[in-house]
Amino acid sequence: MRHVTRRELISGTIGGTLALSRKGNVAANADQSGNLLQLSWNDSGVPNPFQVSPAGPRGPILVSLIYDTLTWKDESGIIPWLASEWSASEDGLTYSFQLVSGATWHDGEPLTADDVAFSFDYYAQHPFVWMSSAVVDSVTANGDTVEFTLNLPYAPFLEDIAGIVPIIPRHVWESVDDPIAYDGADSTVGSGPYSLAEYNDTEGAYRLTANAGYWRGTPAVAELRFLNVPPEAIIPATQQGDIDVSPSSDATVIDILADDERLEVHESAPLSIVRLAVNTSRAPLDRKEVRQAIMYAIDRELLAETITLGPAVVGSAGVIPPETPWFNPDLTQYDFDPDRARELLGGEQISIDLIADASARDPDIFAPMLEAVGITLNVQRVDSATRIQLARDGEFDLAFLTHIGVGGDPDYLRRWYSGEETNAFAQGSIFTNEEYTRLAEEQAESLNAEEREEIVFEMQAILAEELPTIVLYHRRFYWIHDPMLFTPMETWGGLMNGIPFPHNKLALIAT
Amino acid sequence: MLAVCVILINFFLPRLLPGDPLSFSSGDGLDAAVPLTSEARAHLETYYHLDQPMLDQLTTYLGDLLHGDLGQSIARSAPVGSLIADKLPWTLTLLLFSLVISATLGTLVGMMAGWVPETHRDQWLVSASGMIAAIPEFLIAIGLLVGFAVGLGWFPLFGGESAFMAHEEGISGVLDRAFDIAWHLTLPAATLILAGTSAFTLVTRDTTAGLRHEHWLTAARAKGLGERHIAMRHALPNLAPPLLTYFGLRLGGVLGGALVVERVFNVPGLGLLGFEAIGSRDYPVLQAIFLLSGLGVLLAALLVELCYLYLDTARRVSRD
Amino acid sequence: MIRRPLTFWLGCTLLAGFLTVAAFAPQLSPHDPRQSAGLPLSSPNWEHPLGTNDIGQDILSQMLHGARTSIVVAGAITAISTLLSWTVGLLAGFVRQLESPLIGLTDFLLALPDLPLILLVLTLIGPSQFNLVMVLALLSWPSFARIVRSVVIGARSSLYVEASRSIGATSRHVMFRHLLPATLDVLPTKLVLTVRYAVFAEATLAFLGLGASETVSWGSMLNIAFGDSLLFSRSVWPWLVLPPTLAIAALILATVWVGIGLTGHRTQQES
């Protein structure tokens, strides 16, 4: 039985024509009761690998429902997907993938090893902005196996490249020279469990329909609608039944929805980070003692509780959040200890600039805490594009950042500080430490999982001691959902590269 | 000359902003660390000609503009022309409709108030419209949203129409869709009307009050003409110049969109497009929107001048 | 003796109240408006008469400091903008040589979209209070410059101006004795509309996230309140939304009432 919302009931009483049209609409949906899932989303562009918006994780998640990858992740680790099995050479330079049989494109063409090889060749010319595949030197197709040759051994290959870079149909893209401007009707043909039925680019809304012949099982929900909802309307729209799945970053939704019979709240792992990036090349922040004093001076538990209105997950000094696969539980952490902070500063009065987004509330709370130990914070409010520019040019002392993408493969710890990545959060990572650089390079090439874990633990220890970034706390996300329609799934290390969204395509396929 | 200035400002002002269109950030705390590598960034810079010197970019822009090509949006990878064509009908419908209503309503109320100033009617009308005018547009919008959409549930919470509603073919489907859109746009339009009427009321009221002692009015009264007749036939044309000027100003703003209302109700209009383009430093979209709203103002000014001319001749004819 | 409407005196009282509060905000405030002084989102109590906001700042103290910001911003913008409107309007309507360049400048500024341009410029130069005042003042004069000019042109051709010209009055005499008074009809309207524009613009910009962050203002209080997507699910929401809303409305209303009182005053003197 489809839930009839209050809105529909009332609108039915307003006027004759309106009531008729709404009734007609309800009738049309009635036979697929429970088979329509409406999700709160935002406009993320055309959902193919070349035109999807890279601002925020929603675009790539849409792409992951429409396209498939060689591997994927479930609750406990990497699992086979388009590749049924694989093997790697001793030196980690070649990988061989065996493709599943029966995979087809949405237009009925079979998905072949040729398509896989073509995809990576094509990405070499036209990069997929969400994940670089530059480490792939060449790909050859041979029957139903594909062989990858890499430039250098790369530990995150299976999770980050095979598991994120979408396979695209050769018969669509081989004749396209400019994929960013391509607007053919077949521009979103993928092989995933859902195909794009309609993208309303005026409203920024998507309608995805189940791919009935999906090789891995029939999708459980017949139709997904991703609707563009402004932040203030998300909770009311969910309560009124216009939305079935929506996010909140505030723990009080649990209390607010306690009496709601339809909705439940799923709490995600703390796969995010709220931190201060430190420009370690500028005095006085070039001194480790000053950075440590800041860490001791801020009551991070109080800060997190005030902002999230829920239990705090105090920041791990080693950056990688607790409850995630690569977290080092044995790090020395910093307790709130203003006396220790004063001691480290030795009575010195310090003045430091901080750049923060205009809407950030945290600086208003921790600035007085720093003032109390003798550090005066000059908070400069800027918009996010300006903040990114200042960070890129190194024109800052401290930068207040809040983002996700820290729960997945830990190679980002290397890329941030090696200058290889140019995204908003890697910018402002200014830190040089020979030992750290050596370990970072070593882990990226390490093919032994235990050995790699040990190195990553050591890297976290260095970060915790040197504090090139001061981690304040980790946020959870609270996913409001109708359990009759959708079961959230907590992916190992977050969806793809550490995204705390429960929209894993496994959760949408009937088992 | 004016047009050249506007085009040049449109080109340079967005590019002076700190930051660039390839610094992706959604800014809602759900930002992911996009692993955008240096090579991918360089590729995009070349694709969008962002690596070229400013003058070359300007030449390309002007050349494209001559061919009617507004370029490609960087944040949304879609042609700017089609983005604007999508959003323009929403903005025009919403704003023109509410502008005409507020102008008519405001003029009538203003004349009623100003005709016999200092009476209770005058004070009451002016205070009432003043009270509505004392609340900023965004608060009116939020008030209506909270009251009628969140609380009572009479109107939708967001959007310009019900997404993916299947409408039948033919006239009944068109009507259905029109009703659906009207239902979605009621609160945004009500906001604009409530916020926009009082300025017309005040301008009309003051001018009407000022007209009271003009000789021709006394003359008309002496002739024994009815008050309503005098108001409509003689006072209204005299009210026209300041009202027209004000109407023209508001009309010129139409193409700039109604950002606040669009933002609160998520109406897919030009204002919201422009606001998002500022945040993402989407130069081609910014240029196009600024150009369009500049054109809108010039067009409105032209229209007002024409109306003046018409009124002038009309008055001269009536005097003779 | 001129009889002024009751609302005029009410408006004056309110304005005087706002000015006093603005002047003595630091002395009247029970807490530092920027310090977290209590539990977040508490309802009104003895310690916090209007409750606290999302991070425990005292709302009453923020209201009092917000009055100061609003009055300073609105006053400065209105003064600069009105001066510019009249200077440009009078000159453009009266001095033939200046007419086309001034009209050109006015049209040029009017041809730039209002709110998007403000957003763009403030993003460019940073939304400090000084920048806010300058941008809003420099962009808000053209519309009334046009109106003043149209009044001047109307008056210029009227019988008494032509008559005083014919008896050899100087330009200055004509300008200040005949044209300027003719434009004063619209002055209260300009003042009321500009105060309203300034207060609204400050609040709207803060709502859109471009308020001056170094000062506490009613707009920034609303921005913070509406930044919370759960606002209307919380029981304290009226305490976060109503005080700044009512204060904005009261300030504007007081201005409107005083403005109307002044117009009435003038009309009665004439008759």
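Note that the structure is predicted; figures quoted are calculated from it, not measured. (Residues numbered from 1 in each chain as written. Chains lettered and ligands numbered in written order. Predicted model: local features only at pLDDT ≥ 70, side-chain atom pairs only at ≥ 80, totals over all residues. Heavy atoms only, no water.)

## Let's talk about the overall build of chain A
To keep it simple, the criterion reads: Think of it this way: any DSSP run of H or I at least four residues long counts as a helix, any run of E at least two long counts as a strand, and we number them from the N terminus. We take the radius of gyration over the C-alpha atoms and set the globule estimate at 2.2 Å times the residue count to the 0.38 power. Burial classes follow relative accessibility: with a 1.4 Å probe on protein chains only, a residue under 20% of its type's maximum area counts as buried, one over 50% as exposed, and anything between as partly exposed. By the convention used here, residues are in contact when the closest approach between their heavy atoms is within 4.5 Å. Accessible surface is estimated by sampling points in the Shrake-Rupley manner with a 1.4 Å probe; for residues, cover comes only from the protein chains shown.
Each helix and strand counted, chain A has 16 helices and 18 strands in total. Against the globule reference of 24 Å for 511 residues, chain A gives a C-alpha radius of gyration of 24 Å, in line with a compact fold. Projected onto its principal axes, the C-alpha coordinates of chain A cover approximately 75 × 65 × 40 Å. Taking all 511 residues of chain A together, 63% fall into the buried category. Contacts spanning at least 24 positions in sequence make up 73% of the contacts within chain A whose residues lie at least 6 apart. Element-wise, carbon and sulfur atoms account for 47% of the exposed surface of chain A, whose accessible area totals about 18200 Å².

## Some thoughts on the overall build of chain B
Looking only at helices and strands, one finds 12 helices and 0 strands in chain B. Going from N to C terminus, chain B has its helices and strands arranged as α-α-α-α-α-α-α-α-α-α-α-α. With the C-alpha coordinates aligned to their principal axes, the bounding extent of chain B is approximately 85 × 55 × 40 Å. Taking all 320 residues of chain B together, the buried fraction comes to 54%. Here the contacts in chain B between residues at least 6 apart in sequence split such that 74% fall between residues at least 24 apart. In the structure as shown, chain B presents an accessible area of about 13500 Å², 69% of it carried by carbon and sulfur atoms.

## Thoughts on a nonpolar patch on the surface
Residue and element names in this part refer to chain B. Operational definition: The residues that make up patches have over 30% relative accessible area and no salt bridge, and they are joined within 9 Å when like-charged or within 5 Å when they are Val, Leu, Ile, Met, Phe, Trp or Tyr. Salt bridges are identified by distance alone: a Lys or Arg side-chain nitrogen within 4 Å of an Asp or Glu carboxyl oxygen.
Taken together, Val4, Leu8, Phe12 and Met54 make up a surface patch of nonpolar side chains, about 300 Å² in accessible area. With 3 residues, helix H1 (residues 2–16) is the largest single contributor of residues to the nonpolar patch. Along the chain, leucine 8 turns up in helix H1.

## Thoughts on the interface of chain C and chain B
To keep things clear, this is the line we draw: Buried surface area refers to the total accessible area, computed with a probe of radius 1.4 Å, that the two partners give up upon joining, counted for both partners together. Whenever two N or O atoms come within 3.5 Å, that pair is a polar contact, provided that in protein one can donate a hydrogen and the other can accept it, and provided that, for residues adjacent in sequence, both atoms are side-chain atoms.
Tallying the contact residues gives 44 residues for chain C and 47 residues for chain B. Summed over both sides, the interface of chain C with chain B buries roughly 4300 Å², with 80% coming from carbon and sulfur. Together, Leu120(C), Leu124(C) and Phe207(C) form the three largest contributors to the area buried by chain C at its contact with chain B, with a combined 14%. For the pair chain C and chain B, the number of links is 0 salt bridges. In this assembly, chain C and chain B are joined by 0 residue pairs in polar contact (both at pLDDT 80 or more). The element contributing the most residues to the side of chain C that touches chain B is helix H12 (residues 237–270) of chain C, with 12 residues.

## Re the domain arrangement of chain A
All names here are of chain A. The test is simple: For each domain, the first and last residues come from an automatic or database assignment. Residues are grouped as follows: Ala, Val, Leu, Ile, Met, Phe, Trp, Tyr, Cys and Pro are nonpolar; Asp, Glu, Lys and Arg are charged; every other residue, Gly included, is polar.
On domain assignment, one finds that chain A holds domain 1 (6–66 + 192–251 + 478–508), domain 2 (71–173) and domain 3 (272–475). Using C-alpha coordinates to define each centre, domain 1 is positioned 35 Å away from domain 3. With 10 residues of domain 1 at the contact, the number on the domain 3 side is 10 residues. Both faces considered, domain 1 and domain 3 share a buried interface measuring about 740 Å² in area, 62% of it formed by carbon and sulfur atoms. Counting across the interface, domain 1 meets domain 3 through 0 salt bridges. For the pair domain 1 and domain 3, the number of links is 4 residue pairs in polar contact (both at pLDDT 80 or more). For the side of domain 1 that touches domain 3, a count of residues per class yields 5 nonpolar, 4 polar and 1 charged.

## Looking at a negative patch on the surface
Residues and elements named next belong to chain A. Defined as follows: We score Asp and Glu as negative and Lys and Arg as positive, and we do not count His or the chain ends. Lys charges are placed at NZ, Arg charges at CZ, Asp charges at CG and Glu charges at CD.
Side chains of Glu450, Glu451, Glu453, Glu454 and Glu458 sit close together on the surface and give a patch of like negative charge. Along the polypeptide, glutamate 451 turns up in helix H16 (residues 449–466). Exposure remark for glutamate 451: the relative accessible area of 41% places this residue in the partly exposed category.

## Quick look at the sheet that holds strand S13 (residues 272–278) of chain A
Residues and elements named next belong to chain A. Rule in force here: Strands are labelled as partners when DSSP assigns at least two bridges between them. Axes here mean lines fitted to C-alpha atoms, for a helix over just the part in contact, with angles spanning 0 to 180 degrees between N-to-C directions.
What the 5 strands build is an open sheet, ordered S15-S14-S16-S13-S17; its pairing is mixed. Edge positions in the open sheet fall to strand S15 (375–382) and strand S17 (469–473), since each of these has one partner strand only. Between one strand axis and the next, the sheet turns by 30° as a mean value, whatever way the strands run. Pairing of S13 with strand S16 (residues 398–404) involves 7 bridges; the strand directions are antiparallel. For serine 272, the partnering residue across the bridge sits in S16 and is isoleucine 404. Against the sheet, helix H12 (residues 362–371) contacts S13, strand S14 (350–357), S15, S16 and S17, and its axis sits at roughly 160° relative to S15.

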